[in-house]
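For reference, the chains in residue letters:
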Amino acid sequence: MAAFSLRRFRAMLVKESLQIARDPSTMLIAFVLPLLLLFIFGYGVNLDTARTRVGVAVADGGEAAQSLAGAFAASPFFDVTPARTTAPLKDLLVADRIRGIIVIPQDFGAQVAKGGGDVQVITDGSLPNTASFVAAYAEGVRQNWAAARAGDRGGAAAETIVIASRFWFNPELSSRFFLVPGSIAIVMTMIGTLLTALVIAREWERGTMEAIMATPVGMAEFLATKVVPYFFLGLASMALCTVVGILLFGVPFRGSPFALLLIGSAFLVPALGQGLLISAAFKSQFVASQVALLSAFLPAMLLSGFLYEIPSMPRAIQWVTYLVPVRYLIPPLQTVFLAGDLWGMFLRHIAIMLGFGAVLFALAARANRRRVA
Amino acid sequence: MSGRLRAIIVKELLAAVRDPAARLILIVPPLMQLFLFGFAATLEVRNVEIGVLDRDGGAYSQELIQRIAGSPNVAGIVRLASERELADAIDGRRVIAALAFGPDFSADVAAHRPAIVQAVYDGRRSNAAQILSSYIERIAGEYGAELRPRRATGGQTIVRHWFNPNLSFLWFNMPALIVVIGAVSSMAVVAQSVARERELGTFDQLMVSPLRLHEILIGKMLAPLIVGFANATIYAALIPTVFGVPLTGSIALFYFALTFYLLALVGVGMLVSTLSYTQQQAFLGSFLVSVPAIMLSGFSAPVDNMPGWLQTIALANPPTHFLPILEGIFLKAMPPGEVLRRTWPMIIIATLSLGGAAYLFRLRME
């Protein structure tokens, strides 16, 4: 193989950059996908539940039951469909029109008079998150109502143990705040791994790879020209995500831009290496795209800890997460946005990502050399 | 069936399964995704470490710490010696939450004054932090109620979760996966199959062959439909047997709704492919469509939580209609009337998108 020539490298780099700039789909992924993701995460993926539709069945016409039903109707968390029996509400529950049924039984007033007064809550377990929300808030409404009634008769007891909760870095618990770093991870994965895998597979599929091999361009130069433009494209769309996240969605940025640049650059190394490796192993665009989706995009969504907590996963899957580079991107990204510069943590994660990158590049270089020889 | 139609169908099926790597890609990833999604995608919080700064050291704080440590969601307690150590433990993500007991905690409990525990959570993981805080409040509330039973609020809330008594995320995830993976793979296969011919120049050959446009389109639709049916059937067989999620509804209704779901997806994929000249464009285009399609389906977050205008947009999204059908058929024994009510929007989407794709192809021909 010829020695690395800067002149050839520059010529190839110009060719590659022009090709990227001319293909609308590349620009779509680099600049439209980040905006789309931020937009969806900002508006569509809202885990902060607003009002939930529930049915309230009051079988007791007495004062206590009516007053409790009134408390449910007045609650800001519920949108109440009233009924006298549970039967019609059950159909609504099956039809997804309501997410829960609160049953105030026939003898409720009598029980309250005796110091009791049980309420039944039926939730739609097919949506587990909403179901626990309905159960918890229904219990809250009943307790407040009971406490207020006890207060009417004198002597409401205060809580014995009070938990004073504070949420650092994100006091309002806005889910947008953790979704922006997540979208950066997804976009950089797509650009680093998927686009790189596609472009090299395309050269093989169209037969232009042989044409390149017949030129004086060496494998090192060829791979470098495939990697460098996407590296900068990845950083550009990270910058776009950051600016839009801060300006449009009000996500705080408490660290330094320099730290963000280092973290992003460090992640692009394994991402690009993975793309090169995939394209060297599979020469068809369809297969390369599906493998990239499976080995890069899905882990970024599922195994990175950005949407789903890693400690909550089964042990075997937790072990798998140690092998995906994006796992080491999420904690420093979230920290640089929400907490500030914590160099000890940053450097440790950056080192791990670079380590993955070195291994993947070595593997990709070996796989490519074998084919050229 | 005309001879021409049969010929193109045979050709398309051969093209889909000829390449061994591509053949594997149609079967293996969907299965891997089933297992990965099934077990990884949980919003429960388990195995977390909680920091404790106990300046009290009294019996009451010890008991509360023991109860929190004993919760099935908590893996262990990390003892912290100072505010500084507490801040470091949260910053460095050693713990997701930390509880600080003041020196008067036990004295306050004994004297029937409200005893305050400071709880600090890592808001970088706001969702997990919020779920964890509800666990901790519940434990503290129960302990407080035991210490000093309150009068007059003797009633209880008796909760029953229908359709999924243990609120298992697996039960929700598994039917949803048929929707999600179906969307990703069907759209990619359709978009790719047209774009590949176009990139290699063989699409023009198809156009000048005696094949009529609708025959080419039917041929192109068939392979993804078969792949979609095969994957959905494998899932529907594995989900009740391997994962233990009940299938309470009717299989016939499942296939009925599935047919129109796949047709709608194929229609959308065709539209993407009419707009793409290369495989890369087709692939990235279908990705750009399928990601929002999944996000707006109600899989990641309930559709009810979205703003009204976005809920209206989501009506044009096939997964938004199919997800409640599948959750209904698997968990709720959904009756035919309800399934039908949610199927007809998909029929409309399929008609419009397939019609639009045919129109655009014809436009290209002339």
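These figures come from a predicted structure and were not determined experimentally.

**Student:** Looking at this model, I keep getting lost on the overall build of chain A. Mind explaining?
**Tutor:** The helix and strand tally for chain A stands at 14 helices and five strands. Against the 2.2 N^0.38 benchmark of 21 Å for 373 residues, chain A shows a C-alpha radius of gyration of 28 Å, more extended than a compact globule. By its C-alpha atoms, chain A is 95 × 45 × 40 Å across when sized along the principal axes. A separation of at least 24 residues holds for 80% of the contacts in chain A among residues at least 6 apart in sequence.

**Student:** Hey, could you run me through unusual backbone geometry in this one?
**Tutor:** As a rule of thumb, non-glycine residues mostly have phi less than zero, and peptide bonds are mostly trans rather than cis. With a phi angle near 70°, D96(A) is a residue other than glycine that sits in the positive phi range. With respect to the helices and strands, the residue D96(A) is situated in the loop between α4 (87-94) and β3 (100-104). For D96(A), a count of 22 C-beta atoms within 10 Å puts it in the buried group. Backbone geometry at F163(B) places phi at a positive 70°, although glycine is not the residue there. Inspection of the secondary structure puts F163(B) in the loop between β5 (157-162) and α7 (169-200). We classify F163(B) as buried; it has 24 C-beta atoms within 10 Å.

**Student:** Just to check I follow, could you spell out the interface of chain A and chain B for this structure?
**Tutor:** Of the residues lining the interface, 95 residues belong to chain A; the matching set on chain B comes to 95 residues. For the side of chain A that touches chain B, the elements supplying multiple residues, two or more each, are α2 (24-44), α4, β4 (119-124), α6 (128-152), β5 (161-168), α7 (176-206), α11 (285-302) and α13 (330-338) of chain A. Looking at which element gives the most residues to the side of chain A that touches chain B, the answer is α6(A), with 14 residues. Of the residues in the side of chain A that touches chain B, the class split is 57 nonpolar, 27 polar and eleven charged. By the bridge criterion, six bridges tie β4(A) to β5(B) in an arrangement that is parallel. Residue pairing across strands places V121(A) opposite V159(B), the latter belonging to β5(B).

Reading the values: rules and limits
- Residues numbered from 1 in each chain as written.
- Chains lettered and ligands numbered in written order.
- Predicted model: local features only at pLDDT ≥ 70, side-chain atom pairs only at ≥ 80, totals over all residues.
- Helix = DSSP H or I, 4+ residues; strand = E, 2+ residues; numbered from the N terminus.
- Rg over C-alpha atoms; globule rule 2.2 N^0.38 Å.
- Contact = placed C-beta atoms within 7 Å.
- Buried ≥ 20, exposed ≤ 12 C-beta atoms within 10 Å, placed from the backbone.
- Nonpolar A, V, L, I, M, F, W, Y, C, P; charged D, E, K, R; others polar.
- Pairing = 2+ DSSP bridges.

By themselves, these figures tell us nothing about what the structure is for.
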